[in-house]
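# Coordinate inspection notes
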Amino acid sequence: MAEMPRFLTASAEIAVASPQDVMKRLCAHFAEFGDATVDGRCARIDTGFGTAALEACERCLKILAAGKDDTSLAYVKLAITENLLHFAAAEKPRIAWQGDGAAGNPLPYFREMQVVRAVDVTPHMRRLTVAGDDLGRFASGGLHVRLLIPKFRDVRPAWPVTGEDGRPLWPEGNARPDVRIYTIRHIDIEAGEVDIDFVMHEGSHMPGARFARNAQPGDLVGMTGPGGGSAGDADWYLLAGDETALPAIARILAGMPADRHAIVRIEVGGSLDEQPLPSAAKVDLKWLHRGAAEPGATTLLEDAVRAVEWPLAGTRVFAWAGCEHRSFRAIRTYLRQERRLKRDEHLAVAYWRRGASGDEARKED
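A brief look at the structure comes next. (Residues numbered from 1 in each chain as written. Predicted model: local features only at pLDDT ≥ 70, side-chain atom pairs only at ≥ 80, totals over all residues. Heavy atoms only, no water.)

## What about the overall build of the protein?
From N to C terminus, the protein includes six helices and 19 strands. Projected onto the principal axes, the alpha-carbon positions of the protein cover approximately 60 × 55 × 50 Å. In the protein, buried positions account for 48% of the 365 residues. Once local pairs closer than 6 in sequence are excluded, the contacts in the protein between residues at least 24 apart make up 68%. Looking at the protein as shown, the accessible area adds up to about 18400 Å², and 50% of this sits on carbon and sulfur atoms. (Helix = DSSP H or I, 4+ residues; strand = E, 2+ residues; numbered from the N terminus. Buried < 20%, exposed > 50% of the residue type's maximum accessible area, 1.4 Å probe, protein only. Contact = heavy atoms within 4.5 Å. Areas by Shrake-Rupley, 256 points an atom, 1.4 Å probe, with all protein chains shown as cover.)

## Some words on helix α3 (residues 207–214)
P207, G208, A209, F211 and A212 are the residues of α3 that are buried. Lining the buried residues of α3 we find β7 (110–122), β8 (125–131), β9 (144–149), β12 (178–188), β13 (193–199) and β14 (220–227).

## As for the sheet that holds strand β5 (residues 60–67)
In space, the six strands of this open sheet follow the order β2-β3-β4-β5-β1-β6, with antiparallel pairing throughout. Both edges of this open sheet fall to β2 (35–39) and β6 (98–99), since each of them pairs with a single strand only. Where strand β1 (residues 8–15) and β6 come together, two bridges link them in antiparallel fashion. Its bridge partner lying in β6, A10 is registered against G99. Relative to strand β3 (residues 42–46), helix α1 (residues 19–30) is tilted by about 25°, and along the sheet it contacts β2, β3, β4 (51–56) and β5. Of the strands in this sheet, β1, β3, β4 and β5 touch helix α2 (residues 70–87), which is tilted by about 155° from β5. (Pairing = 2+ DSSP bridges. Axes fitted to C-alpha atoms, helices over the stretch in contact; angles between N-to-C directions.)

## Some thoughts on the state of the cysteines
Scanning the model with the defined rule gives zero disulfides in all. Just so you know, C27 is unpaired, no disulfide at all, and the nearest cysteine sulfur is the one on C42, 11 Å from it. By relative accessible area, C27 is classed as buried at 4%. Here C60 is not cross-linked by a disulfide; its sulfur's nearest cysteine counterpart is in C57, at 4.4 Å. Given a relative accessible area of 15%, C60 falls into the buried group. (Disulfide = S-S within 2.5 Å.)

## Remarks on the pattern of salt bridges
One pass over the structure, following the stated rule, counts 20 salt bridges. One salt bridge in this structure joins R59 and E58, with 3.6 Å as the shortest N-O distance. Each member of the pair R59 and E58 is classed as exposed. D259 is the partner of R260 in a salt bridge, and the nearest nitrogen-oxygen pair spans 2.7 Å. Here R260 falls in the buried class, since its relative accessible area comes to 12%. Of the residues examined, D259 reaches a relative accessible area of 52% and is grouped as exposed. Each of the salt bridges in this network shares a partner with another, and the network as a whole consists of D233, D235, D259, R260 and R316. (Salt bridge = Lys/Arg side-chain N within 4 Å of Asp/Glu carboxyl O.)

## Quick word on unusual backbone geometry
Note that the residue after G225, namely P226, is joined by a cis bond; omega there is 0°. Looking at the element boundaries, P226 is found in strand β14. The phi angle at D134 is positive, at roughly 55°, despite the residue not being glycine. Structurally, D134 is set in the loop between β8 and β9. The phi torsion at R340 lies on the positive side, around 60°, for a residue other than glycine. The residue R340 is located in the loop between α6 (325–338) and β19 (346–352) in this model.

## Points about the pairing of β5
Counting buried positions along β5 gives six out of eight residues, so the element sits mostly inside the fold. Two strands pair when backbone bridges link them, and β1 and β5 are joined in this way by eight bridges, in the antiparallel orientation. Within the sheet, the bridge partner assigned to A15 lies in β5 and is C60. As defined by bridge partners, β4 adjoins β5 across six bridges and the pair is classed as antiparallel. What sits directly across from T51, in β5, is A66. Two successive antiparallel strands, β4 and β5, enclose a turn made up of three residues.

## Brief notes about α1
Its 12 residues place the ends of α1 17 Å apart at the C-alpha level, agreeing with the 16 Å of an ideal helix rising 1.5 Å per residue. Restricting attention to buried positions, one finds in α1 the residues P19, V22, M23, L26, C27 and F30. Mapping the buried residues of α1 onto a view down its axis gives an arc of 135°, with all of them on the same face. Against β2, β3, β4, β5 and α2 lie the buried residues of α1. (Expected span 1.5 Å × (residues − 1). Arc of directions from axis to C-beta.)

## Observations concerning the sheet that holds strand β15 (residues 236–242)
Strand pairs in the sheet, formed through backbone hydrogen bonds, run parallel or antiparallel to each other. The strand order across the open sheet built from five strands is β17-β16-β15-β18-β19, with neighbouring strands paired in parallel fashion. Unpaired on one side and paired on the other, β17 (282–289) and β19 mark the two borders of the sheet. With direction set aside, neighbouring strand axes in the sheet form an average angle of 10°. One ladder, built from six bridges, connects β15 with strand β18 (residues 317–324); its direction is parallel. Paired with L239 across the strands is W320, a residue of β18. Of the strands in this sheet, β18 and β19 touch α6, which is tilted by about 160° from β18.

Here it is as structure tokens:
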């Protein structure tokens, strides 16, 4: 008889005033991304990386998290913790996981990477190739990674470790790296190398562009992930984005087989910002040039999405969009309310937001 796989588990008992209410809110949130069921005072959440069983007691919420490996378990704990703390923000409950994945250990989804080379792809995009060990898991499970960017090149960076609540425990002060989300443009597992493209924004509040501009072979950067959704399985695709989404669109197209059809609309500054996007699929690509207009200040992308002619009923479709926050909201509303796409037929993401930085771009109003 084949040996059954052993799942890693961790448990927590969290004191909250209304355990059942918090449990229901958690399930309602996770139902947007996976499966969540409530049965009286018990519930179960199934995600793409693991599960959580919940029980609402009189004064606490009991949770048992499970994952097939240390990274999967860490992601379950992290997701539960972040959302529970959001839904019970006024109480600021203490969360202390017991079991596998002890506090103080290195983050299992973290890798220290070293810059190998840098090249300018276009006048406003620079590609860094970074190398590290044991990168196999970064080839699937999402297009995106978080880069942990040291504030100083001449100081050995300090990296986060696992906190008791499952979230990263960060170094303090200037030792804490800046964190930004980027797309893996290409990964070579055998060589242990990853290509990441950086849009070269100006300004001191752009740590990613600063790092890419000054990067030299041997410079260190942290990487966690992968995460973020990709395009679902379909026959016909709509891919829309600005230059920040170009690496993701390129990677999606590169993985498409010849029997797929992709409508692609990409907003960039001008013709010098266009890139080859090889794909075996049948691709209808249009570049949208905003010229002298500021990034994120036009309706070019949303107008182009609205102008797309959709296939006949019965065709399996998937729409994917990544762009500035205002355009993202307009496109998502169109896809959901006018095109009536189901949850598994579309993914729209705010890659950035005018006047904001980092994860602030992804927060709702």
